[in-house]
Structures are given as C-alpha cells and as structure tokens.
Amino acid sequence: MNDISNPFEEQEMRCPKLGGPVTFSYCCVEAVNLPCSRAIRCWCDRFEVESLFRRKLGDEKFRLAFEQPQPTRLENILELIERAKKINSDDSERSD
Ligand code: SF4
C-alpha cells in the first residue's frame, strides 16, 4: 500500500472469520500484504472503505485483493478441516 494516510487503522470490529476483535489495520494486511478479500463488505458501514483501498492500492492490487474468485463457504470449511487434520497428525507424530 502507498503512504495515503489511514485514519481508521485503530477501529475495531468482531471478525467473522476469526470470531474475535480485529483492528482495521489488521484487515488491511490480512492476505499477506494485501487486504482481506472481505474488507469492503466488513467495513462499508463504517466509512468509505472502497475508495480508501482504491487510492491506497492502485488498480492492479485492488483487483488482486477484491476481484479474484473467492472460495465458497464450503471450500473454506474443507480447508479448515484439512488444516486441523494436519495439526492433529503433526502433534501425534511428535508425541510418538
Ligand atoms: S475484513 Fe477480513 S479480517 Fe477483517 S474483520 Fe472482515 S473477515 Fe475479518
């Protein structure tokens, strides 16, 4: 992101993905230096978040962040299950 100021960095909300509070600054980099793909939906009731991201990111990064096909809810759940299985498997290998 460029140096356009972000006066909303410290605002908080309950993250629907994590189930706990996050600041807007977290949402701005949640996807490894790109904003969370849900950031416009999550923050649009608070301020003009889309125009802020358009100015900060530029066209190419904006498209990368918000206009790529997103996984469905089912795909997200399946990914979480796979991660949990892997963590479980890694833990049992360590205890053997
Ligand atoms: S934008 Fe993403 S990280 Fe931020 S609250 Fe929404 S879902 Fe959570």
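Details of the structure are given in the entry above.
Parameters at a glance
Residues numbered from 1 in each chain as written. Predicted model: local features only at pLDDT ≥ 70, side-chain atom pairs only at ≥ 80, totals over all residues. Helix = DSSP H or I, 4+ residues; strand = E, 2+ residues; numbered from the N terminus. Rg over C-alpha atoms; globule rule 2.2 N^0.38 Å. Buried ≥ 20, exposed ≤ 12 C-beta atoms within 10 Å, placed from the backbone. Contact = placed C-beta atoms within 7 Å. Near = placed C-beta within 6 Å. Nonpolar A, V, L, I, M, F, W, Y, C, P; charged D, E, K, R; others polar. Core = buried A, V, L, I, M, F, W, Y, C linked by C-beta atoms within 7 Å.

Engineer: I'm lost on the overall build of the protein chain in this one. Help?
Structural biologist: Counting its regular elements, the protein chain contains four helices and two strands. Walking the protein chain from its N terminus toward its C terminus, one meets helices and strands in the order β-β-α-α-α-α. Taking 12 Å as the expected radius of gyration for a compact globule of 96 residues, we find that the protein chain reaches 16 Å, considerably beyond that expectation. For the C-alpha atoms alone, the extent of the protein chain along its principal axes is close to 50 × 25 × 25 Å. Evaluated residue by residue, the protein chain yields a buried proportion of 14% over its 96 residues. Taking the intrachain contacts of the protein chain between residues at least 6 apart in sequence as the baseline, contacts between residues at least 24 apart amount to 35%.

Engineer: Looking at this structure, I do not really get the site of the ligand. What am I missing?
Structural biologist: Every residue near the ligand is listed here: Met-13, Cys-15, Pro-16, Lys-17, Val-22, Cys-27, Glu-30, Cys-36, Arg-38, Ala-39 and Cys-42. Taken together, the residues of the shell around the ligand sort by class into eight nonpolar, no polar and three charged.

Engineer: Would you explain the environment of Arg-46 in this entry?
Structural biologist: Relative to the helices and strands, Arg-46 is located in the loop between helix H2 (39–43) and helix H3 (49–66). What makes Arg-46 exposed here is the crowd of 11 C-beta atoms within 10 Å. Here the alpha-carbon distance between Arg-46 and Ala-84, two residues 38 residues apart in the chain, equals 34 Å.

Engineer: I tried to follow unusual backbone geometry on my own but got confused; where do I start?
Structural biologist: Among all residues save glycine, negative phi is the norm, and among peptide bonds the norm is trans. In this structure, Val-32 is a non-glycine residue whose phi angle is positive, near 50°. Along the polypeptide, Val-32 turns up in the loop between helix H1 (24–29) and H2. A positive phi angle is found at Asn-33, which is not glycine, with a value near 70°. Residue placement: Asn-33 occurs in the loop between H1 and H2.

Engineer: Is there a simple way to explain the nonpolar core in this structure?
Structural biologist: Within the largest apolar cluster, 12 residues are counted, these being Phe-24, Cys-27, Cys-28, Cys-36, Ala-39, Trp-43, Val-49, Leu-52, Phe-53, Leu-57, Ala-65 and Phe-66. A per-element tally of this core places H3 first, with six residues.

Engineer: Any chance you could explain the environment of Arg-14 here in plain terms?
Structural biologist: By secondary structure assignment, the location of Arg-14 is in strand E1 (residues 12–14). According to the C-beta neighbour criterion, Arg-14 is exposed, with 10 such atoms within 10 Å. Sequence separation between Arg-14 and Cys-42 is 28 residues; the distance between their C-alpha atoms is 9.5 Å.

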